[in-house]
Amino acid sequence: MIDFKHIQSAHCETGVTSNLLFHNGIDTISEPLAFGIGSGLFFIYIPFLKVNHAPAISFRTMPGMIFKRTCNALKIPVIQKKFRSESEAMEYLDQCIDKSKPVGCQVGVYYLTYFPKEYRFHFNAHNLVVFGKENNRYLISDPVMENTTELTGQELQRVRFAKGPLAPKGQLYYPEIKEKPDELILRKAIVKGIKRNVRDMLYIPGPFAGVSGIRFTAGKIKKWRGQLGTKKAGTYLAQLVRMQEEIGTGGGGFRFMYAAFLEQSYQHIPNEGLKEVSEMFTEAGDIWRSSAVQASGIFKGRITEQSDFDLMADYLYKVADLEKTAFKKLAGLKLTF
Amino acid sequence: MKKNEIPQDKSALENVSKELCYALDENGNYSTDLSKGWEVKSKALEVAWSAIDERVFDAKQKVLNRECSPLLYFMELKLMDVEIVSAYTGFWKWQIKRHFKPNVFEKLSSKKIGKYSKLFEVDPEEFKDPFSGKPKP
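Cut-offs and rules
- Residues numbered from 1 in each chain as written.
- Chains lettered and ligands numbered in written order.
- Predicted model: local features only at pLDDT ≥ 70, side-chain atom pairs only at ≥ 80, totals over all residues.
- Heavy atoms only, no water.
- Patch = residues over 30% accessible without salt bridge, like charges linked within 9 Å, V, L, I, M, F, W, Y side chains within 5 Å.
- Areas by Shrake-Rupley, 256 points an atom, 1.4 Å probe, with all protein chains shown as cover.
- Salt bridge = Lys/Arg side-chain N within 4 Å of Asp/Glu carboxyl O.
- Lys, Arg positive; Asp, Glu negative; His and termini not counted.
- Charge placed at Lys NZ, Arg CZ, Asp CG, Glu CD.
- Helix = DSSP H or I, 4+ residues; strand = E, 2+ residues; numbered from the N terminus.
- Contact = heavy atoms within 4.5 Å.
- Buried area = accessible area lost by both parts, 1.4 Å probe.
- Nonpolar A, V, L, I, M, F, W, Y, C, P; charged D, E, K, R; others polar.
- Buried < 20%, exposed > 50% of the residue type's maximum accessible area, 1.4 Å probe, protein only.
- Domains from an automatic or database assignment.
- Pairing = 2+ DSSP bridges.
- Axes fitted to C-alpha atoms, helices over the stretch in contact; angles between N-to-C directions.
- Expected span 1.5 Å × (residues − 1).

Q: Explain a positive patch on the surface to me, please; I cannot follow it from the model alone.
A: All names here are of chain A. A cluster of like positive charges, contributed by Lys-50, Lys-220, Lys-223 and Lys-232, occupies part of the molecular surface. At three residues, helix α7 (residues 210–245) tops the list of elements feeding residues into the positive patch. Summarising the element assignment, Lys-50 is placed in strand β1 (residues 41–51).

Structure follows, in structure tokens:
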């Protein structure tokens, strides 16, 4: 049996990344470091796309990118495979386990039996680690769960081949470590992660993503009450809150995790500016959470006036300004070593 | 968020797992701690589910009024949309939309019915006529 250390994480992909690297002897990449090096922080309001009949909003970068970017920046080769045939996908997985290699798998949540029913939507970008097989039951380390769990071969095959948007197509991945990254590579990776995140949040074209996406969403929220009525507007806000706070973000739409990343980066690159910007992201996370409380007042039906929606939007304008200042400051830091 | 501000409210996850949160400790440094849940997001989840229940109820009414085939009801019941049904069954989206029509649905081959009932995990007979013998709500 593979001796795999299950470390609970806030988010699935960063957790899988950090845990797989740890298993392969790299103990320097915590979850926040994986998140920051992978430039995980993001915001996007995807126009014209509805998820569960409400707007598609995300607080993180595209699924799969964090693992790939983090390993690339640390100069760790990555094996990543998708499959057409379901049986081939299971065979390949078994071979990895036979070779004592734990692997990351992308899965859909809807048929994931160990999740409570309330959380099982058709979301296909969940990640977990398969680290063993006993009596035709696969041993699963799902980083958002407190403990390891199990799935039958059939159950695992089903979630690996969930269908619909972002279908996993049996995707599995693992690092193939030849050389451990040294401190210099790690520092460079941190700087690269920060720069890419500055670009994504400040300079991504179009009004829907990055800091301008937050402002765009605020503008939308102001109009929701008039366009949709308070009830439907409430379900839209509930969806925003779920994307922001539901299992997998570490709270405040990943902003606290990013603040933790900057704080840990300071250990590697002692620039006081990193600490200051870390504090700004803590504040940003707190504003996001205040906005969630305001939103809940609306979707509980306790407050229903236009002024309540305006106040909700004001939180978002405020957080957009703060994050803009924070990323500008990050961009201006001389991160030399 | 400070560690002592991490909410510990009731949630649907209660007996399954606690969630990891990032928060500041007494010295202003980041650390992690577990949260049982947060009332704000439990309510958000509840709102999402009551919207689903409403859609399922509406679909049932449409089926009972013969405005729509049972396909719509099962699709809503399983939280799917036409795109997801298409991805699982291999039917084109336009075909599925056509199958919403009761008169088209009634003439579907048993092979097609079989594909749908397998996806929705029901007996083919129940799929074709889910509310027979049940009183109108």
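There's plenty left to go through after this.
Q: How do you make sense of the interface of chain A and chain B when you look at a structure like this?
A: Often, the extent of an interface is quoted as the loss of accessible area upon association of its parts. Taken residue by residue, the interface counts 48 residues in chain A and 40 residues in chain B. Both sides together, the interface formed by chain A and chain B hides about 3,900 Å², and carbon and sulfur atoms give 63% of it. Three residues, A:His122, A:Lys163 and A:Arg289, lead the burial of chain A against chain B; their summed loss comes to 13% of the area buried on that side. Linking chain A with chain B are four salt bridges. Measuring nitrogen to oxygen at the nearest pair gives 2.5 Å for the salt bridge that ties A:Lys300 to B:Glu39. Counting only elements with at least two residues in the side of chain A that touches chain B, the list comes to α2 (31–37), α7, α8 (255–268) and α9 (272–299) of chain A. In terms of residue count, α9(A) provides more of the side of chain A that touches chain B than any other element does, eight residues in total. Per-class residue counts for the side of chain A that touches chain B are 22 nonpolar, 11 polar and 15 charged.

Q: Looking at this model, I keep getting lost on the pattern of salt bridges. Mind explaining?
A: Should their charged atoms come close, side chains of opposite charge can pair. Evaluated as defined, the whole model comprises 21 salt bridges over all chains. In this structure, A:Arg69 engages A:Asp200 in a salt bridge whose closest nitrogen and oxygen atoms are separated by 3.8 Å. With a gap of 131 residues between them, A:Arg69 in helix α3 (residues 65–73) and A:Asp200 in helix α6 (residues 183–203) connect regions that are remote in the sequence. You'll find A:Arg69 and A:Asp200 in the same group, each marked buried. With its nearest N and O atoms 3.1 Å apart, the salt bridge here joins B:Glu76 to B:Arg55.

Q: What should I look at first to understand the domain arrangement of chain A in this one?
A: Residues and elements named next belong to chain A. As far as domains go, chain A holds domain 1 (15–77 + 177–332) and domain 2 (84–172). The straight-line distance from the C-alpha centre of domain 1 to that of domain 2 is 26 Å. Facing 10 residues of domain 1, the contacting portion of domain 2 comprises 14 residues. Summing both partners gives a buried area of about 930 Å² for domain 1 against domain 2, and 76% of it is carried by carbon and sulfur.

Q: Even after reading the chapter, I still don't get the sheet that holds strand β8 (residues 172–175) of chain A, so can you show me in this structure?
A: Strand pairing in a sheet relies on backbone hydrogen bonds. The paired strands run either parallel or antiparallel. Residues and elements named next belong to chain A. Reading across the sheet, the six strands line up as β3-β8-β4-β5-β6-β7 and stay open at both edges, with antiparallel pairing between neighbours. In this open sheet, the two edge strands, each paired with only one partner strand, are β3 (78–81) and β7 (149–152). Averaged over all adjacent pairs, the angle separating strand axes in this sheet is 35°, with direction ignored. Relative to strand β5 (residues 126–134), strand β4 (residues 103–107) is paired through five bridges, and the arrangement is antiparallel. In the sheet register, Val-107 faces β5, and the bridge partner there is His-126. Taken strand by strand, helix α1 (residues 12–23) contacts β4, β5, β6 (137–141) and β8, and its axis lies near 45° from that of β5.

Q: Teacher, can you tell me more about the domain arrangement of chain B here?
A: Parsing chain B into structural domains produces domain 1 (3–37) and domain 2 (51–128). Domain 1 of chain B and domain 2 of chain B are separated by 41 Å when their C-alpha centres are compared.

Q: Looking at this model, I keep getting lost on helix α10 (residues 306–332) of chain A. Mind explaining?
A: Note that an α-helix has 3.6 residues per turn; residues three or four places apart therefore point the same way. Residue and element names in this part refer to chain A. Spanning 27 residues, α10 covers 39 Å between terminal C-alpha atoms, matching the ideal 39 Å at 1.5 Å per step. Regarding α10, the residues found buried are Asp-308, Phe-309, Met-312, Ala-313, Leu-316, Val-319, Ala-320, Leu-322, Glu-323, Ala-326, Phe-327 and Leu-330. The inward-facing, buried residues of α10 abut β1, α6, α7, α8 and α9.

Q: What's the story with the environment of B:Pro7 in this structure? I'm lost.
A: Note on placement: B:Pro7 falls in the segment before β1 (19–24). In this structure B:Pro7 touches A:Arg289, B:Met1, B:Ser35, B:Lys36, B:Gly37 and B:Trp38, once residues within four positions along its chain are discounted.

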